[in-house]
Amino acid sequence: MDIKSVEGLVAAGLVQHADVLRPVTEKYAVGITPDVLALIDVNDPDDPMARQFVPSAAELVTTPDERADPIGDLTHSPVEGIVHRYPDRVLLKAVHVCPVYCRFCFRREMVGPQGLGTLTPPQLDAAVAYIADHSEIWEVILTGGDPLVLSPRRLREMMARLAGIAHVKIVRFHTRVPVVEPDRVDAAMIAALKASGKTTYLAVHANHPREFTEAARAAMARMADGGIALVSQSVLLKGVNDDVETLAALMQAFVENRVQPYYLHHPDLAPGTSHFRVSIARGQALVSALRGRISGLAQPTYVLDIPGGHGKADIGAARIVGSEGHYSVRDWQGVEHVYPPPAEDAD
Ligand code: SF4
């Protein structure tokens, strides 16, 4: 059974002191699936799986540069559920629930039972109409929340609506499901993700090689065999994957499972997540160590979402200059931004 409360965490032996965590769980959603629970080593106080999913009192600590909407979704939202940050693509956030709740989530103020909820039928109509009205939109990225919490019937309906928009060529899903709830990935779901005339991509979110269980590998194989192109997304997280051995094994695991390494995200300035953040200098050192160590097939792009909604920048090296605490990063339009932003700019 899924764990969704502090009582559930105590009953599973994942935490001892419910009272300490109650202020955290009142603020941020909890979700641990049986597949994730099976991966947690309760005897290891530094277990990287526990660190990703079990709430901690450290989440009550916020820093001045953290913000409720760290990557500026709301700045670029013309209608409910749509984020139109770049000309050729939009995010379509139909749901704001997930099978698990990652403790470092960049949308932690928006997801969960107290989050933004699921789009109502009229809101979804308006979001689809927006996409249909903007012929420059080549790609629709379903994210949230985790879109694969939707039933195959709902996914099929969504794809059918997008299939009716000729200028949309690519539909991409961002999901944790193949890793945290792999048995949901069945023939009905895979069929529902495809539509005539559209190419389906699916970005698999995983952060540690232990997430590649036999069941997760089988789920990814079913998707790849079913004609879905798979790419990776991971977050660089202190105490989870901020060493070269773990990162190398993670990227190799993606490639072994036909998931093309894509993004390694620098952790966003989400509230209560400073215990996960590594320095950019450390991230750059890790990424360049990967380059010398593992195949070119297994190299991710190290990216920073520039706070305020200015989009992603490749921070592997060239587009960011400065030193810790005083970086200048160039966005995709060539505009320079100070990182971290001044505290008075925070929400
Ligand atoms: S699955 Fe994604 S959206 Fe959901 S909690 Fe994790 S990081 Fe956030």
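Residues numbered from 1 in each chain as written. Predicted model: local features only at pLDDT ≥ 70, side-chain atom pairs only at ≥ 80, totals over all residues. Heavy atoms only, no water.

Asks: Help me understand the overall build of the protein chain, please; the structure alone is not making it clear to me.
Replies: Along its length, the protein chain carries eleven helices and twelve strands. What you see for the protein chain is a C-alpha radius of gyration of 19 Å, in line with the 20 Å of a compact globule of 347 residues. Buried residues in the protein chain amount to 54% of all 347 residues. A fraction of 75% describes how many contacts in the protein chain between residues 6 or more apart in sequence connect residues 24 or more apart. Surface exposure of the protein chain reaches about 14200 Å², of which carbon and sulfur atoms provide 54%. The averaged location of the 42 negative side-chain charges in the protein chain is 5 Å from the averaged location of its 33 positive side-chain charges. (Helix = DSSP H or I, 4+ residues; strand = E, 2+ residues; numbered from the N terminus. Rg over C-alpha atoms; globule rule 2.2 N^0.38 Å. Buried < 20%, exposed > 50% of the residue type's maximum accessible area, 1.4 Å probe, protein only. Contact = heavy atoms within 4.5 Å. Areas by Shrake-Rupley, 256 points an atom, 1.4 Å probe, with all protein chains shown as cover. Lys, Arg positive; Asp, Glu negative; His and termini not counted. Charge placed at Lys NZ, Arg CZ, Asp CG, Glu CD.)

Asks: When you look at the side chain of N241 in this model, what are you seeing that I'm missing?
Replies: Relative to the elements of secondary structure, N241 occurs in the loop between β6 (229–235) and α10 (244–256). Within the local environment of N241, its side chain forms a polar contact with the backbone oxygen of N207, the two atoms lying 3.0 Å apart. Polar side-chain contacts of N241 include one of 2.8 Å to the backbone oxygen of V235. (Polar contact = N/O pair within 3.5 Å; in protein donor to acceptor, adjacent residues only side chain to side chain.)

Asks: Which parts of the structure should I look at to understand the site of the ligand?
Replies: Residues in contact with the ligand, as listed here, are C98, V100, Y101, C102, C105, G145, R176 and H205. Looking at the shell around the ligand residue by residue, the classes come out as five nonpolar, two polar and one charged. (Near = heavy atom within 4 Å. Nonpolar A, V, L, I, M, F, W, Y, C, P; charged D, E, K, R; others polar.)

Asks: Whenever I open this one, the pattern of salt bridges confuses me. Can you help?
Replies: Summed over the entire model, instances satisfying the criterion amount to 18 salt bridges. Its salt-bridge partner being R22, residue D19 comes within 3.7 Å of it at the nearest N-O pair. With D19 and R22 both in helix α2 (residues 18–27) and three residues apart, the pair spans about one turn of that helix. On the basis of relative accessibility, which here comes to 62%, the residue D19 falls in the exposed class. Of the residues examined, R22 reaches a relative accessible area of 28% and is grouped as partly exposed. For the salt bridge of K312 with D305, the shortest nitrogen-to-oxygen distance reads 3.5 Å. Note on D305: relative accessible area 5%, which makes it buried. Through salt bridges with shared partners, a single ionic network connects D73, R85, K93 and R107. (Salt bridge = Lys/Arg side-chain N within 4 Å of Asp/Glu carboxyl O.)

Asks: Sorry if this is basic, but what is going on with the sheet that holds strand β9 (residues 312–314) here?
Replies: Strand pairing in a sheet relies on backbone hydrogen bonds, with the paired strands running either antiparallel or parallel. The sheet built from nine strands is open, its strands ordered β1-β2-β3-β4-β5-β6-β7-β8-β9 with mixed pairing. Bordering the open sheet on either side are β1 (82–86) and β9, each of which pairs with just one other strand. Averaged over neighbouring strand pairs, the angle between their axes works out to 30° when direction is ignored. Looking at chain direction, strand β7 (residues 259–265) and strand β8 (residues 301–305) are connected through three bridges and run parallel. Paired with H265 across the bridge in β8 is V303. (Pairing = 2+ DSSP bridges. Axes fitted to C-alpha atoms, helices over the stretch in contact; angles between N-to-C directions.)

Asks: In this structure, what is going on with the packing of aromatic side chains? I would like to understand it.
Replies: A ring pair, where both rings are aromatic, is described by two values, the distance of the centres and the angle of the planes. Inspection of the entire model under this criterion finds three aromatic pairs. Summarising the aromatic geometry, the rings of Y262 and Y263 are spaced 4.0 Å apart at their centres and angled 25° between planes, so their arrangement reads as stacked. Exposure remark for Y263: the relative accessible area of 17% places this residue in the buried category. Over the ring of Y86 we find R89, and its NZ or CZ is 3.8 Å from the ring centre. (Phe/Tyr/Trp six-rings, centres within 6.5 Å; stacked < 30°, edge-to-face > 60°. Lys NZ or Arg CZ within 6 Å of the ring centre and 35° of its normal.)

Asks: I would appreciate a short explanation of the environment of G197 in the present structure.
Replies: With respect to the helices, strands and loops of the structure, G197 is situated in the loop between α8 (187–192) and β5 (199–205). As for G197 and V168, which are separated by 29 residues in sequence, their C-alpha atoms are 9.2 Å apart.

Asks: Please clarify how the nonpolar core should be interpreted in this entry.
Replies: A general trend in soluble globular proteins is that nonpolar side chains are found buried together. Judged by nonpolar contacts, the single largest core of 96 residues is most densely connected at L92 and I131. Look past the residues within four positions of L92 in its chain and what remains in contact with it is G81, I82, L119, L124, A127, I131, V140, I141, L142, T143 and M158. (Core = buried A, V, L, I, M, F, W, Y, C linked by side-chain atoms within 4.5 Å.)

Asks: Looking at this model, I keep getting lost on the side chain of R103. Mind explaining?
Replies: Its place among the elements puts R103 in the loop between β2 (89–93) and α5 (121–133). Engagement of the side chain of R103 in a polar contact is seen with the backbone oxygen of A29, the distance being 2.7 Å. Within polar-contact distance, the side chain of R103 engages the side chain of E59 at 3.0 Å.

Asks: Explain helix α6 (residues 152–163) here, please?
Replies: Two residues of an α-helix separated by three or four positions point the same way, owing to the 3.6 residues in each turn. Between its terminal C-alpha atoms α6 stretches 16 Å, which fits the 16 Å expected from twelve residues at 1.5 Å a residue. Residues of α6 that are buried include every one of L155, M158, M159 and L162, and no others. Along the axis of α6, the buried residues cluster in a sector spanning 95°; they form a single face. Elements in contact with the buried residues of α6: β2, α5, β3 (139–143), β4 (170–175), α8 and β5. (Expected span 1.5 Å × (residues − 1). Arc of directions from axis to C-beta.)

Purely geometric numbers; function is a separate question.
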